[in-house]
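# Per-entry structural report
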Amino acid sequence: MQRTFFSVPLKNRFICMSSCLAPAKVHTREKCSYTEVFDPPRPFRMQTRAPPCSFFWALIILSSIPARVDGCDFAQPVCGAHASGDVMIGIMLPCHRKVKALQERIRPEGFHCLDFDLESFLRSLAVIHEIETINAAGFLPGVRLGYLMCDTCSSASKALQSVGHMLGVNGSLTVMCDYTDYRPRVKIVLGALYSEVSIVVARLLTVYMVPLLSSTASAPDLSDKLRYPVFMRTIPSDKHQTKAVATIMHHFGWNWVGVVYGDDKYGSAAFQSFLGAADANSVCLAYQEALPSYLDHSLSLQHIKRVAKQIRSSDAQVVLLILKVELVEVLFKEMIRTNTSRTWIASDAWSKSRVLAHMEGINKVGDILGITFVSEKSESFDNYLKNLTATPGGYNRFIEEYKNLRFNCSSECFSSKPPSYCPTPDLLRIKSANACTFKDPQEENDDFLIKGLDTSETFLHKVAVRATANALKKLLKCNSSSCLGEINFPPWKLLKELKKVNFEFDNQNFYFDENGDFVSFYDLVIWGQDGHHRRFQKIGKYHVLDEKIKIDIENIIWFSTANTTIPQYRCSERCAPGSVKKILNVYCCYNCTPCLEGTFADAWDLHTCKACPNGTWSLKGWDQCMPRSESYLRWKDTHPIIMIAATVFGILLLFVTFIVFLVYRDSPPMKRAEVRLSCIMMAGLSVSFASVICFMGKPSVHLCRARQVMYALGFTLCVSCILVKAYRTFLAFLPFGQLTCRRLNKLYKPTVIVVVITALQGIICLLWLIFDSPDIDPTPPSPQSMIKLIQCSEGPTYIGFGFMLVYIALLALVGFLLAVKVRKVPQEFSETGYIIFSMLMYLFVWVCFVPVYITNNENASPVQASAILVSTYGIIFCHFLPKCYEALRGPKMDTLESILRRWRVITNRKVDLVTDIDIHIPEMNTSSVTSNRFSITSTTTILKSLETLNEDSPTDSEVIIMPVSNKKMHAYTKLGTKLRRRRSVSI
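Assigned secondary structure in the protein consists of 25 helices and 34 strands. Among the 987 residues that make up the protein, the fraction classed as buried is 52%. Considering only contacts within the protein whose residues lie at least 6 apart along the sequence, 71% involve residues at least 24 apart. When the accessible area of the protein is evaluated, it comes to approximately 45,600 Å², of which 57% is carbon and sulfur surface.

Cis peptide bonds are those with omega within 30 degrees of zero, and the linkage from glycine 191 to alanine 192 qualifies with -5°. Take alanine 192: it is sitting in the loop between strand E9 (186-191) and helix H4 (195-208). At asparagine 339, a residue that is not glycine, the phi angle is positive and equals roughly 55°. For asparagine 339, the location among the structural elements is in the loop between helix H8 (325-337) and strand E15 (343-346).

Okay, helix H18 (residues 675-693) next. With 19 residues, H18 extends 27 Å between its outermost C-alpha atoms, agreeing within 8% with the 27 Å of an ideal straight helix rising 1.5 Å per residue. Among the residues making up H18, those that are buried are Val675, Leu677, Ser678, Met681, Met682, Gly684, Leu685, Ser688, Phe689, Ser691 and Val692.

Per-residue pLDDT for the protein has a mean of 79; in total, 80% of the residues score no lower than 70. Across residues 1-76, where pLDDT falls below 50, the model places 147 contacts with residues more than four positions away in sequence or in other chains.

Here the focus is the packing of aromatic side chains. The description of an aromatic ring pair uses the distance of the two centres, along with the angle that the planes make with each other. Here the structure, examined in full by the defined rule, presents 37 aromatic pairs. Taking the centre distance of 6.2 Å and the plane angle of 50° together, the rings of phenylalanine 459 and phenylalanine 510 count as tilted. Placement of the pair is phenylalanine 459 in helix H14 (residues 459-475) and phenylalanine 510 in strand E19 (residues 508-511), with a sequence separation of 51 residues. A ring pair is formed by tryptophan 846 and phenylalanine 849, whose centres lie 4.7 Å apart and whose planes are at 70°; its orientation type is edge-to-face. Of this pair, tryptophan 846 and phenylalanine 849 both sit in helix H23 (residues 832-855), separated by three residues, roughly a single helical turn. With a relative accessible area of 3%, phenylalanine 849 lands in the buried category. One aromatic cluster is present, formed by Tyr711, Phe715, Trp768, Tyr798, Phe801, Tyr842, Trp846, Phe849 and Tyr853 through successive ring pairs. Here the basic side chain of arginine 105 rests over the ring of phenylalanine 111, its NZ or CZ set 4.0 Å away from the ring centre. A cation over a ring is seen here: lysine 473 above phenylalanine 139, with NZ or CZ 4.4 Å from the ring centre.

Here the focus is the packing of helix H21 (residues 750-771) against helix H22 (residues 799-821). Two quantities define a packed helix pair, namely the angle between the axes and the distance from one axis to the other. At a minimum axis distance of 9 Å, the contact between H21 and H22 shows a crossing angle of 165°. Viewed along their axes, H21 and H22 adopt a mutual orientation that is roughly antiparallel. For the pair H21 and H22, the sense of crossing is right-handed. Here H21 contributes Ile757, Leu760, Gln761, Ile764, Cys765 and Trp768 to the contact with H22, which in turn contributes Gly800, Phe801, Phe803, Met804, Tyr807, Ile808 and Leu811. Here the residues of the contact of H21 with H22 sort into 11 nonpolar, two polar and no charged.

Before going further, it helps to examine the environment of lysine 473. Positionally, lysine 473 belongs in helix H14. Separated by 10 residues in the primary sequence, lysine 473 and cysteine 483 have C-alpha atoms spaced 7.6 Å apart. For lysine 473, the contacting residues outside a window of four places in its chain are Phe139, Leu140 and Cys478.

Another point: the sheet that holds strand E10 (residues 212-214). Spatially, seven strands are ordered E11-E10-E9-E5-E8-E4-E17 in an open sheet, and the strand pairing comes out mixed. A strand with exactly one partner marks an edge of an open sheet, and here the two such strands are strand E11 (231-233) and strand E17 (395-396). Seen against the sheet, helix H2 (residues 118-137) touches strand E5 (87-93), strand E8 (145-151), E9 and E17 and runs at an angle of roughly 170° to E8.

Let us now look at the environment of aspartate 426. Here aspartate 426 lies in helix H12 (residues 425-428). We classify aspartate 426 as partly exposed; its relative accessible area is 28%. C-alpha of aspartate 426 to C-alpha of aspartate 115: the two residues are 311 residues apart in sequence and 8.9 Å apart in space. When near neighbours in sequence (up to four residues on either side) are disregarded, aspartate 426 contacts Glu329 and Lys333.

This part covers the nonpolar core. Proteins that are soluble and globular tend to have nonpolar side chains buried together. If you look at the biggest cluster of nonpolar residues, it comprises 132 residues, and the most contacted ones within it are Phe121, Met249 and Leu449. Of all the elements, H14 adds the most residues to this core, at 10 residues. Excluding residues that lie within four positions of it along the chain, phenylalanine 121 makes contacts with Cys95, Phe116, Leu388, Phe398, Ile399, Tyr402 and Leu449. Within the second largest apolar cluster, 72 residues are counted, among which are Leu653, Phe715, Cys721 and Tyr873.

Moving on, we get to the side chain of arginine 233. Summarising the element assignment, arginine 233 is placed in strand E11. A relative accessible area of 0% places arginine 233 in the buried class. Beyond its immediate sequence surroundings of up to four residues, arginine 233 is in contact with Leu213, Ser214, Ala217, Ser218, Ala219, Pro220, Leu222, Ser223, Phe512, Gly516, Asp517 and Phe518.

Moving on: the state of the cysteines. In total, this model carries 11 disulfides according to the counting rule given. Each disulfide pairs two cysteine sulfurs, and for cysteine 478 the partner residue is cysteine 483, the sulfurs being separated by 1.8 Å. Linking cysteine 478 and cysteine 483, the disulfide has an S-S dihedral of approximately 110° and is accordingly described as right-handed. Looking at cysteine 478, the relative accessible area reads 14%, which means it is buried. Residue classification places cysteine 483 among the buried residues on the basis of a relative accessible area of 16%. Residue cysteine 571 pairs covalently with cysteine 589 via a disulfide, S to S 1.8 Å.

Procedures and definitions
Residues numbered from 1 in each chain as written. Predicted model: local features only at pLDDT ≥ 70, side-chain atom pairs only at ≥ 80, totals over all residues. Heavy atoms only, no water. Helix = DSSP H or I, 4+ residues; strand = E, 2+ residues; numbered from the N terminus. Buried < 20%, exposed > 50% of the residue type's maximum accessible area, 1.4 Å probe, protein only. Contact = heavy atoms within 4.5 Å. Areas by Shrake-Rupley, 256 points an atom, 1.4 Å probe, with all protein chains shown as cover. Expected span 1.5 Å × (residues − 1). pLDDT = per-residue confidence, 0-100. Phe/Tyr/Trp six-rings, centres within 6.5 Å; stacked < 30°, edge-to-face > 60°. Lys NZ or Arg CZ within 6 Å of the ring centre and 35° of its normal. Axes fitted to C-alpha atoms, helices over the stretch in contact; angles between N-to-C directions. Parallel < 35°, antiparallel > 145°, perpendicular 65-115°, else oblique. Left-handed = near helix turned anticlockwise from the far one by under 90°. Nonpolar A, V, L, I, M, F, W, Y, C, P; charged D, E, K, R; others polar. Pairing = 2+ DSSP bridges. Core = buried A, V, L, I, M, F, W, Y, C linked by side-chain atoms within 4.5 Å. Disulfide = S-S within 2.5 Å.

Printed below as a string of structure tokens:
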């Protein structure tokens, strides 16, 4: 219950006035007033509070009243402001913040309210001013709006008491079965301030279907027309506000926050709504704490200290406070005391609180961002506040109380030990510095309310009055001159019209949606530093319909960063494109893991990687997919160009060698080299060189097969000719028995050997192509590679490829062993040295090739092509070029006997030459026998001595080497006394 004192000119005495529903032209039984006269202490004069009027004095005064007064047994007035009118509007706002000792309440006594609330008082003045403005403008011709204002003191119980007084007919509420024709004086109630109070009042007003129109109660539950059909509001529901808050957090990248909310309907409903919005915006809660909404509770301070400790201990730097102003004030005092700084998100209940903005040490708490409703300045309202007075013909005890607080002299309250009746220190701050110079505080005015408070915050309260006036205009059928409708109408008719209003005010269009809510936008504010205080700076808007936010904070200096850099508050750092979240135990606490091969993440903070579309690929940690690049021996690349140049040069070198062989075909070196076999070798090497060309360019099935067959047949042809040469030398210079010699000579058929060996390789290649054919390698690329290797696969099993290489290697090995066996034969008689080095180089190259080929499959083609080139060049340099050099240099001067002598010395053998050789040589004349010139051809030669050569005088002999046919030749050697040796030499 609220007791209000005001000054009257009755010497030094105070009069405590109590008035209940005292409108003009009401029956005397509806009036209820009494006077309590007492002598307060002098310091108590002109104060806003006093001890309750004693029950004793009440009995004395009531006993002096001749008639019993019904419906008013209270020691204090329930409704503190009134102005008569044809249509009465109820105003239900808390001009005081709390009820004294509510938790100790046992008996249904009156409510004693404490702590005058300037901001709510300003809201009530805005409603009254707008009512007076409408009356003065004649908006409802012939109809005057009146009002009855009751103080809820932020208590639902006190609010219910006020409803009873507003709706009472003849001082009481009559119980009926049907309230359709119920016609109370108050047709609509504007309020209440808090959602919890509005919910309770709306429940009661639903019985009578009296509309309740609020400009601050934003709990989502009030949109439920099934439970609250009479409730309407000029603001959006909190479900939009919590979406806006979560959107702000998401916009700034803050996903790790704490929430502190009141345990009333407003706080609980808003918190539940925020949970869904936070989840949709990837915001997680580090903690959630509830505070008792009733601050005067004995455990409230303990709860606040516990919550403050939780805030300090948590690593969450962003805290959402869904609390009343008084709770935030106490919490901030604890934060300032402990020097705790955070980034605070304010709900609409305190987002533009001047009381908090002017707290001592408010700059220590950190950054504050808030959500507030639409606001507009009004010059006429500011002028009204400068000349504040009650409506003519009515009263306003709240104005009286404010003026007492502002202009009444109470210097003793500023002492170190103020009396108990003094206002709280916060209320003392509104005291005018010139208070003790005023004679009558009620006659004084100034611009304190304009400068000390934000008058634009009352805009939506004026909109509520305008909405009511527009609904009345429809209901009363008003035109430009008069209103024809019934003035004393049932309230439900006004509710019906109110839901349909659509009007324009201050260049803005307003209407109610199906839930009775206004759908507009929120203003976003930040508390900038203003000396030792804070100022509210609008930084953006949140549009309810499209749920989009627009913020402009380029010039904002943040407390946490001391510059314009937006602070980042996250449980974990953001995951950059290319990585995704691996959630730990909390949704917003995670590790960033890179996307695997074949997947990608193209945005920040994704939860899963996306699969690459067909034809594209990505490596680990990539943020996009790209087509794989094809890898093969391109014609324009450096390596292929080098190999092509080497191939062309090799073919040219073979061509030059071929010319030299033809030109010098009659020279001894060329005759020893067997020109025909050498030409066949050159042809094979040319084919081998040509196979290298097939390794270049993008592989195809035909190229894969052609290059291997060309190399196999070409190199086999070459090696088979080398094998024939090695075999010939082997037969000519190694001693064998007569039978063995004859058998080995039968096997010496060069043409047959070359054809058979090459044909066998052809058969191997044919079987390879049929059963294990080379093809394009189907092996998929490595997941760790963006290169798609296009190369040939030498068959599913590689058996044919292996047989081909092994066959060539076996031929080379046999030729190498035969050459090694006769390695001591003079080079003038054979090519053993050339054969040894060329075959040794080939074997070395291909022995190295096999492990490299196996271990480096990605470079298999260039490795094999290089091996072919090296081995082919090995034969050219080791086999052909020395012969060309010998042919170009000219014949040696060494005689045959010197050559044989050197051979004998090397082999450490004694050579017994025949003294008389009887040779049957068909197709040969005798003149050639006596010739001192010898010739070495590709056929068998016979060494004949005309006289015996002894070891002491090797130069006394004459040896003639004569050619014979390629047919089988018989040489009969006759010794003087003894047959020593019969030898057929094949060179």
